[in-house]
Amino acid sequence: MCAAPGSASARPDEAPGPPPTFVWRALPVGAGGWITGIEVDPSGTTWLARTDTYGAYRWDSERSRWLQIVNSDALGSDPSITTAPLGVGVESLAVAPGQPNRVYMAFAGAVWRSDDGARHFVRTALSGLRIDANGPGRTRGERLAVSRLQPDVVLYGAPASGLMRTTDGGRRWQRVASVDVGSRADVLIWADPARPGRMIAFVDGGEVYESADDGESFRPLGRSPRPASIHRATFVPDGGLLAAAPDGLWLLAGDTWRRLEGASRHRWGAAAITPRGGAYYATPEGGGVFRSVDRGARWQSVATATATEPGDVPWLAWKDNAWLSIATARFDPLVPDRLWIAEGSGVWYADLNENARNLTWQSRARGIEQLVATDVRVMHDRSVVLSAWDFGIHRKSAHELNDYSTRFGPSRRFNSAWHLDLSPADPRFVVASVADHRQCCAGDGQSVMSGWSIDGGRTWTRFASLPADPSRPARRVAFGNIAVSAGSTDNMVWLPADDMTPWYTRDRGRTWTQVTLRPGRGAEPGSYAAFYLRRVAMIADPVLRSTFYYLHSGAHGSDDLAGIWRSDDGGVGWERLHEGSPAPHSMYNARLAAVPGVAGDLYFTPGPLDGLPARLLHSRNGGRAWAEVPDVLDVSAIGFDRNLPVGHASDVYIAGRVRGRYGIWQGRPAGGPVSWRMIGRFPAGSLDRVNAIDVDRTDPLRPRVYLAMSGSGWVIGEAAACAARPYRSEDTDECFLVRP
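Residues numbered from 1 in each chain as written. Predicted model: local features only at pLDDT ≥ 70, side-chain atom pairs only at ≥ 80, totals over all residues. Heavy atoms only, no water.

Asks: Hey, could you go over the overall build of the protein for me, with residue numbers and the actual values?
Replies: Each helix and strand in the protein was counted, giving one helix and 57 strands. Taking 27 Å as the expected radius of gyration for a compact globule of 740 residues, we find that the protein reaches 27 Å, a close match to that expectation. When the backbone C-alpha atoms are referred to their principal axes, the protein occupies close to 75 × 75 × 45 Å. Taking all 740 residues of the protein together, the buried fraction comes to 60%. Here the analysis covers contacts within the protein between residues at least 6 apart in sequence; of these, 55% occur between residues at least 24 apart. A total accessible area of about 28,000 Å² is found for the protein, and carbon and sulfur atoms account for 50% of it. In the protein, which carries 82 positive and 79 negative side-chain charges, the distance between the mean positions of the two groups comes to 1 Å. (Helix = DSSP H or I, 4+ residues; strand = E, 2+ residues; numbered from the N terminus. Rg over C-alpha atoms; globule rule 2.2 N^0.38 Å. Buried < 20%, exposed > 50% of the residue type's maximum accessible area, 1.4 Å probe, protein only. Contact = heavy atoms within 4.5 Å. Areas by Shrake-Rupley, 256 points an atom, 1.4 Å probe, with all protein chains shown as cover. Lys, Arg positive; Asp, Glu negative; His and termini not counted. Charge placed at Lys NZ, Arg CZ, Asp CG, Glu CD.)

Asks: Now, about the sheet that holds strand S53 (residues 675-680): what can you tell me, with residues and values included?
Replies: If you walk across this open sheet you meet the nine strands as S53-S52-S51-S50-S54-S55-S56-S1-S57, and the pairing is mixed. Looking at strand neighbours, the two that pair on one side only are S53 and strand S57 (733-737), the edges of this open sheet. Each neighbouring strand pair of the sheet contributes to a mean axis angle of 25 degrees, computed without reference to strand direction. In the sheet, strand S52 (residues 661-668) pairs with S53 via five bridges, with the strands oriented antiparallel. Within the sheet, the bridge partner assigned to Ile-664 lies in S53 and is Gly-680. (Pairing = 2+ DSSP bridges. Axes fitted to C-alpha atoms, helices over the stretch in contact; angles between N-to-C directions.)

Asks: Hey, could you go over unusual backbone geometry for me, with residue numbers and the actual values?
Replies: Backbone torsion omega between Gly-141 and Glu-142 reads -5 degrees, so that peptide bond is classified as cis. Along the chain, Glu-142 falls in the loop between strand S9 (122-127) and strand S10 (144-146). In this model, Gly-409 is joined to Pro-410 through a cis peptide bond whose omega is 5 degrees. Of note, Asp-634 is a non-glycine position whose phi angle comes to about 55 degrees, a positive value. Examined against the element boundaries, Asp-634 turns out to sit in strand S50 (residues 632-642). Residue class for Asp-634 comes out partly exposed when judged on its relative accessible area of 27%.

Asks: Help me get a handle on the sheet that holds strand S12 (residues 162-166), residues and values and all.
Replies: In spatial order, the strands read S10-S11-S12-S13; together these four strands make up an open sheet with antiparallel pairing. Each of the sheet's edge strands pairs with one partner strand only, and the pair in question is S10 and strand S13 (174-175). Two strands pair when backbone bridges link them, and S10 and strand S11 (residues 154-158) are joined in this way by three bridges, in the antiparallel orientation. Among the inter-strand pairings, Val-146 is bridged to a residue of S11, identified as Val-154.

Asks: Any chance you could break down the pairing of strand S6 (residues 90-95) for me, citing the residues and the numbers?
Replies: Most of S6 sits inside the fold, with six of its six residues counted as buried. The sheet contact formed by S6 and strand S7 (residues 103-107) spans five bridges and is antiparallel. By the bridge assignment for S7, Leu-93 is matched with Met-105.

Asks: Go over the pattern of salt bridges, please, and point to the residues and values.
Replies: Throughout the structure, instances matching the rule amount to 51 salt bridges. Residue Arg-140 pairs with Asp-186 through a salt bridge whose shortest N-O separation is 2.7 Å. Of this pair, Arg-140 sits in the loop between S9 and S10 while Asp-186 sits in the loop between S13 and strand S14 (187-191), placing them 46 residues apart in sequence. For the salt bridge of Asp-186 with Arg-143, the shortest nitrogen-to-oxygen distance reads 3.3 Å. Taken together, the positions of Asp-186 in the loop between S13 and S14 and Arg-143 in the loop between S9 and S10 put the pair 43 residues apart, joining distant regions of the chain. Just as Asp-186 is buried, Arg-143 falls in that class too. Connected via shared salt-bridge partners are Arg-58, Asp-60, Arg-63, Arg-119 and Glu-730. (Salt bridge = Lys/Arg side-chain N within 4 Å of Asp/Glu carboxyl O.)

Asks: Kindly report on the pairing of strand S23 (residues 280-284), identifying the contributing residues and their values.
Replies: With five of five residues buried, S23 lies mostly within the body of the structure. In the sheet, strand S22 (residues 268-273) pairs with S23 via five bridges, with the strands oriented antiparallel. Counted as the bridge partner of Trp-268 is Pro-284 from S23. The antiparallel pairing of S22 with S23 creates a hairpin that spans six residues between the two strands, and Gly-277 there sits at a positive phi of about 80 degrees. With three bridges joining them, S23 and strand S24 (residues 290-292) adopt antiparallel strand pairing. When the sheet's bridge partners are listed, Ala-282 is paired in S24 with Phe-290. Two successive antiparallel strands, S23 and S24, enclose a turn made up of five residues, where Gly-287 displays a positive phi of approximately 100 degrees.

Asks: Could you give an account of the nonpolar core, naming the residues involved and the relevant values?
Replies: Trp-24 and Trp-676 are the most contacted members of the largest nonpolar core, which totals 55 residues. The residues contacting Trp-676, other than those within four sequence positions of it, are Leu-616, Val-629, Val-632, Val-652, Ile-654, Val-658, Arg-659, Trp-665, Gln-666, Gly-667 and Pro-740. Core analysis: the second largest hydrophobic core is formed by 51 residues, Ala-497, Leu-517, Ala-530 and Phe-531 among them. (Core = buried A, V, L, I, M, F, W, Y, C linked by side-chain atoms within 4.5 Å.)

Asks: Describe the packing of aromatic side chains, and please don't skip the residues or the numbers.
Replies: The final tally for this structure, using the stated rule, is 28 aromatic pairs. Ring geometry for Trp-268 and Trp-299: centres 6.1 Å apart, planes at 40 degrees, overall tilted. One end of the pair, Trp-268, is in strand S22; the other, Trp-299, is in the loop between S24 and strand S25 (300-301), and 31 residues separate them in sequence. Judged by relative accessible area, which is 1%, Trp-268 ranks as buried. Where Phe-391 meets Phe-408, the ring centres are 5.6 Å apart and the plane angle is 65 degrees; that geometry is what we call edge-to-face. Placement of the pair is Phe-391 in the loop between strand S32 (384-388) and strand S33 (393-396) and Phe-408 in the loop between S33 and strand S34 (416-423), with a sequence separation of 17 residues. Ring-pair connections join several aromatic residues into one group, and the members of that group are Trp-315, Trp-318, Phe-391, Phe-408 and Phe-414. (Phe/Tyr/Trp six-rings, centres within 6.5 Å; stacked < 30°, edge-to-face > 60°.)

Asks: For the side chain of Asp-390, give the residues involved together with the corresponding values.
Replies: Inspection of the secondary structure puts Asp-390 in the loop between S32 and S33. Comment: no salt bridge for buried Asp-390; closest opposite-charge side chain is Arg-438, at 7.4 Å. Setting aside its immediate chain neighbours within four residues, Asp-390 contacts Gly-33, Phe-414, Asn-415, Ser-416 and His-437.

Asks: Go over the environment of Asp-498, please, and point to the residues and values.
Replies: Mapped onto the secondary structure, Asp-498 falls in the loop between strand S39 (492-495) and strand S40 (503-505). Asp-498 sits in the buried class, given a relative accessible area of 19%. When the C-alpha positions of Asp-498 and Gly-526 are compared, they lie 7.9 Å apart, and in sequence the two are 28 residues distant. Once residues within four sequence positions are removed from consideration, Asp-498 is found in contact with Arg-472, Arg-475, Tyr-528, Ala-529 and Ala-530.

The values are spatial; any link to function lies outside them.
The following block contains the structure:
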């Protein structure tokens, strides 16, 4: 074989170097979310699904899968978007009824337009908006509506700005003065599919308006009584409106609202009407499906079951589906009596039978990767353990990296896993902090499932007991970080959320003892304020058998505790090594991390917070002294090599900026200043924020890098030879040229 022209051949006595390219792709786990809305044009050409945590999807019928539409290629024309990670969902979507390639999207503070079926977007002139796709109103909709006949005429219910309208595809916008918003924020808008030019707008508080001229002007509509709030609405064939509201189902006929008394006992989230108008369907916020065949006078519960389409995500049928958190429902424009729903774990449909007394939801979630990933850990056998909100802990062997998960742990129940930890004392041992973050469902005694696995994450054992804080008896000890010692898998320290005091165990959770930083002071506040934080503040030294490190940020009335604390006896006694936090603003998303195989070699970042600089700091003496790593900012995650051959030292990996450029960076300390190389920019096109990094270095020349994303599952990157090129919206992977 000959070397390519201009290339250099390695000398026989030289070891081959690593490939100069990385291949990045989504790690297939599947589904998750919340999928908060589905939009489709009347021809059934363009199907879209929006999410609350990151981006949105379009259905690719040729590939028979969903494709992410928020990516570095689709938004690449806007430098303000593609210079830093976003990690936000899409608030609203609309497809032009007469032009299915025209799509509008409310996202990242602006309304965007696509002219090629959601493959590429440009920002319209309406920007600077206060959009919250993950807020309390995330499943409401829609806030965007397009004229049935004129794809350039669009209306948008802008948060805190009123109803906005454009007639030129977004180049200019004007507020619709005839819709009185006042101080109320939410405006919903619907375009009548059967009556061109007709639109109905709803303003929170109960005001309803009708337009007959594509939103140029509106008149008040609907006398009291009327709903004060609406989640979703759909048009009745005669021109009325069926609205799903917190206080019941409402029907607007002419100028009068009427509450359907047979459906008043639920908080309703969505409604749909068969295309022929013969049956109404509605779904309560608490799950379930109800049907009426007499225009809403009487309602009957419909029995439901779940299944997966061939080739779809297996764990969706395995999980507990007694309750589906349905965000919206709509009928297929082409397939008669096919009802679609957007739901907390994906997209589903049911083909209704003649009497529709029961239905089976079929999942169609392939391509969707929407779990809020919290952590990732590479095991000794190259398998990987993954933790996420809602659907717990997934495990993949090294031979399953191209397959969807079949199930998750620790059980089929809804539960969120917040943090994982390993111990060199047993390479098969994993400990996990697991708890249900909903405020509804602690009655079954399974809302805290924290515990451990001794078979690399295949099976899980719940702690035999849970700590009970006598000073706060009404609060669960849950969430947060659990660290396991290097010397014994029986010895762990748990830092719970809600600023609760840490606890330690020496018998693998059979008993727990409250940590006391300063003897004689009693229970002291912890340093993990809220369950949803991306925070790691309690870790174990990877070499010293009984040593733990604890970052206390001193917030919320405990400034006198701020600093880096160390215990050398398994959590019993503690010494403050560093007075105060190593960097400001460390009370939220800070991360403390230890280099595998080296005692007292620590890294720290305060984490991203409202644009404040998140620097990277390094300590070689267990946290007593810290030095800033030069040229590094905006660090959201820190990771290291695992499974390194003897004699090799770990590199450090970060998601952040080096010399002003954002990306995924591999750094080699080499006893002096860190030498950085960028191994990915926005891996596989993802603009999502990275929560955690772990690396399989079994092959020293070909690291396998895992990223846990804040709203879109996990991404895997491997050093491999490939033809580098920019990521494109329809690519399933990306070949990235490594650069300094």
